[in-house]
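# Structural overview
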Amino acid sequence: MLPIQKELDLELWKKQLMADPYLSYLYAYPHKTAYRELDPPLSLPELWEKEQGESFFLYMHIPFCAMRCGFCNLFTLPDRRDDVHEQYVTALERQARQWAPFVTHRPASRFAIGGGTPTLLNEALLDRLFVIAEEVIGLDLSRTSISVETSPDTVTEGRISLLKQRTVDRVSMGIQSFTDTETTAIHRPQKKAEVVRALELLKQAEFPILNLDLIYGLPGQTMVSWLYSLDSAIAYEPEEIFIYPLYTRENTFLKPEQVLASGHDIRMDCYRAACDRLASAGYVQYSMRRFAKPDVAPVKELLPFSCQEEGMIGLGCGARSYTRNVHYASRYGVSYKATKSIIADYVATTDYTKADYGFVLNMAEQKRRFILKAILHREGLELASYEQRFGTGALDDYPELYLLIESDLAQIANGILLLTDQGLAYSDAIGDWFISGEVKDLMKEHVLL
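Structure report, in brief.

Quick notes on the rules
- Residue indices follow the written sequence of each chain, beginning from 1 at its first position.
- Local features are withheld for residues below a pLDDT of 70 in this predicted model, meaning they are given only at 70 or higher, and side-chain atom pairs are given and counted only at 80 or more; totals for whole chains, interfaces and linings count all residues.
- With hydrogens and water stripped out, all remaining heavy atoms of the structure feed into the side-chain values.
- For our purposes a nonpolar core is just a set of buried Ala, Val, Leu, Ile, Met, Phe, Trp, Tyr and Cys residues, chained together by side-chain atoms within 4.5 Å.
- When a residue's accessible area, from a 1.4 Å probe over protein chains only, is under 20% of the maximum for its type it is buried; when over 50% it is exposed; and in between it is partly exposed.
- Helix and strand definitions here come from DSSP, where helices need a minimum of 4 consecutive H or I residues and strands a minimum of 2 consecutive E residues; each element is numbered from the N-terminal end.
- The contact definition used throughout considers only heavy atoms, calling two residues in contact when any of these lie within 4.5 Å.
- Helix axes are fitted to C-alpha atoms over the stretch in contact, other axes to C-alpha atoms as well, and angles between N-to-C directions run from 0 to 180 degrees.
- By the definition adopted for this analysis, an angle is roughly parallel if under 35 degrees, roughly antiparallel if over 145, roughly perpendicular if from 65 to 115, and oblique otherwise.
- Whether a crossing is left-handed or right-handed is set by the direction in which the near helix is turned from the far one by less than a right angle, anticlockwise for left-handed and clockwise for right-handed.
- Classification used: nonpolar for Ala, Val, Leu, Ile, Met, Phe, Trp, Tyr, Cys and Pro, charged for Asp, Glu, Lys and Arg, polar for all others including Gly.
- Computed over the protein atoms alone on a 1 Å grid, cavities are sets of points where a 1.4 Å probe fits but cannot get out and pockets are open sets with protein on both sides within 12 Å along at least five of seven lines; a residue lines them when it has an atom within 4 Å of a point.
- Grid points are joined across faces, edges and corners, and a volume is the space filled by probe spheres set on the points.
- Only a pair of cysteine sulfur atoms within 2.5 Å qualifies as a disulfide here.
- Only strands that DSSP links by at least two bridges are regarded as paired with each other.

## Concerning the nonpolar core
In this structure, Leu-58 and Leu-381 are the most contacted members of the largest nonpolar core, which totals 138 residues. Here the element with the most residues in this core is helix 3 (residues 82-103); it accounts for ten residues. When residues no more than four places from it in sequence are discounted, the contact partners of Leu-381 are Phe-370, Ile-371, Ala-374, Ile-375, Tyr-386, Ala-394, Gly-415, Ile-416 and Leu-417.

The structure is reproduced here in structure tokens:
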């Protein structure tokens with residue numbers, strides 16, 4: 001008998017865990033809603049001099065979109081004005097120049113530009129981001145994996161040509177649905193014809209990796225319409241497809257009752273149908289969300305980088321930066337008024353060398369993060385790597401992990417703790433269950449402005 005069996009009824013625990021698969025989406029740990037004011041503020045030069053990873057990850061955040069989708073609670077502002085974009089990029093460059101002296105002691109092996117919609121910027125400003133990366137941060141683009149997010153309405157021949165010249169490896173485009181009535185329902189003025197136009201341009205460009213994002217559980221969506229969108233995406237043979245369950249959160253246009261307007265939550269059914277359809281099309285599942293062709297490989301000779309994503313250099317308002325024991329960022333808002341105010345403060349800032357808002361990870365939180373970042377992916381947690389890093393065993397530190405094994409949500413194979421197919425389906429519930437009580441309490445206390 002494993003030790004955890006003495007503590008609670010396993011069948012009841014599993015039933016409770018599976019009762020609500022979509023409590024929260026744990027895309028980072030600790031979640032940004034757990035961040036608080038750091039008093040006193042931390043000196044970034046002192047913080048970064050301790051980072052000893054082989055290489056870093058450079059991320060630039062562009063917090064502008066043409067519109068805010070009904071499900072979106074990301075840090076983004078609907079604003080198309082070139083002068084506003086230029087002021088922001090100028091501030092980002094000022095931040096980069098102040099950070100360069102203490103973040104360039106290690107090379108960056110990955111570079112991502114996200115948002116928002118980075119390709120909402122005009123070509124000159126978009127190119128300026130690559131100039132900052134090269135000339136200020138010192139990136140060698142020939143040895144750096146580069147990813148850029150886009151949207152159908154901002155895909156143009158000029159922007160594609162620029163991304164090709166800058167050796168972008170991966171372009172990720174959010175489509176969400178190929179059905180006009182579904183995109184209208186989520187306040188996204190996107191037509192299928194526009195999506196097709198953008199996809200044809202991207203396919204002609206032959207980027208090494210094209211990623212397409214879809215959402216299941218949209219208002220009015222049926223299994224038939226979901227599989228229609230999925231098959232439409234597969235027809236373009238993208239190297240990656242990400243599928244996301246619809247979440248409704250504070251301060252979004254969509255409300256929880258709209259997800260269940262039909263009286264039945266179809267999200268788990270959609271997920272399972274998608275797993276089958278994608279597998280039959282030759283895609284391999286790497287997480288609850290990510291499916292990719294098995295032969296996708298980098299075309300560059302890349303520098304090594306830890307999958308735990310420490311050494312994340314986040315430039316721009318809304319970007320998060322990760323060191324081993326401190327995560328920090330700007331304040332977080334969702335409403336138009338709050339987001340606009342936070343961006344205005346960022347643009348007006350003259351000194352970016354202090355971290356005044358974030359989360360300090362003690363050893364227990366570092367361990368939890370290491371486990372979560374591993375088990376929520378198909379590769380799983382290599383138990384020897386955990387022990388090598390922390391000097392203790394993961395199952396000794398967190399015997400509650402035995403619950404996953406005993407309930408057939410996880411297994412240990414060749415020294416690796418990994419989720420089963422059923423466990424992957426309930427990844428969001430498992431992530432929500434495993435986060436610490438302190439982080440969960442902070443997230444509950446957070447008020448999104």
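## Examining the packing of helix 12 (residues 363-375) against helix 13 (residues 383-390)
Relative to each other, helix 12 and helix 13 sit at 160 degrees, their axes nearing to 11 Å. The angle between the axes of helix 12 and helix 13 places the two elements in the roughly antiparallel class. In this structure, helix 12 meets helix 13 at a crossing whose hand is right-handed. Where helix 12 approaches helix 13, its residues Met-363, Gln-366, Lys-367, Phe-370 and Ile-371 are matched on the opposing element by Ser-385, Tyr-386, Arg-389 and Phe-390. Here the residues of the contact of helix 12 with helix 13 are counted per class, giving five nonpolar, two polar and two charged.

## Focus: unusual backbone geometry
Residues Tyr-29 and Pro-30 are joined by a peptide bond in cis, for which omega reads -5 degrees. With respect to the helices and strands, the residue Pro-30 is situated in the loop between helix 1 (10-19) and strand 1 (36-43). Going from Asp-39 to Pro-40, the amide bond is cis rather than trans, its omega being 5 degrees. Despite not being glycine, Glu-206 shows a phi value in the positive range, around 55 degrees. Structurally, Glu-206 can be placed in the loop between helix 7 (192-205) and strand 8 (209-216).

## Considerations on empty space enclosed by the protein
One simple way to see leftover space: roll a probe sized like a water molecule over the atoms. Considering all chains together, one arrives at two cavities of 30 Å³ or more under this definition. Roughly 50 Å³ of volume is contained in the largest cavity. Lining the largest cavity, in full, are Thr-119, Thr-150, Thr-154, Val-155, Thr-156, Arg-159, Ile-160, Leu-163, Val-171, Leu-202 and Phe-207. Take the lining of the largest cavity: its biggest share by element is three residues, from helix 5 (residues 157-165). Across the lining of the largest cavity, the residue classes tally to six nonpolar, four polar and one charged.

## Describing the state of the cysteines
By definition, a disulfide is the covalent link that joins the sulfur atoms of two cysteine residues. According to the stated counting rule, one finds zero disulfides in the structure shown. Cysteine Cys-317 shares no disulfide, and the gap to the nearest cysteine sulfur, in Cys-65, comes to 14 Å.

## As for the sheet that holds strand 16 (residues 381-382)
The strand order across the open sheet built from three strands is 16-18-17, with neighbouring strands paired in antiparallel fashion. Strands at the two margins of the open sheet, each flanked by one partner only, are strand 16 and strand 17 (410-413). Across two bridges, the pairing between strand 16 and strand 18 (residues 416-419) is antiparallel. Paired with Glu-382 across the two strands is Ile-416, which belongs to strand 18.

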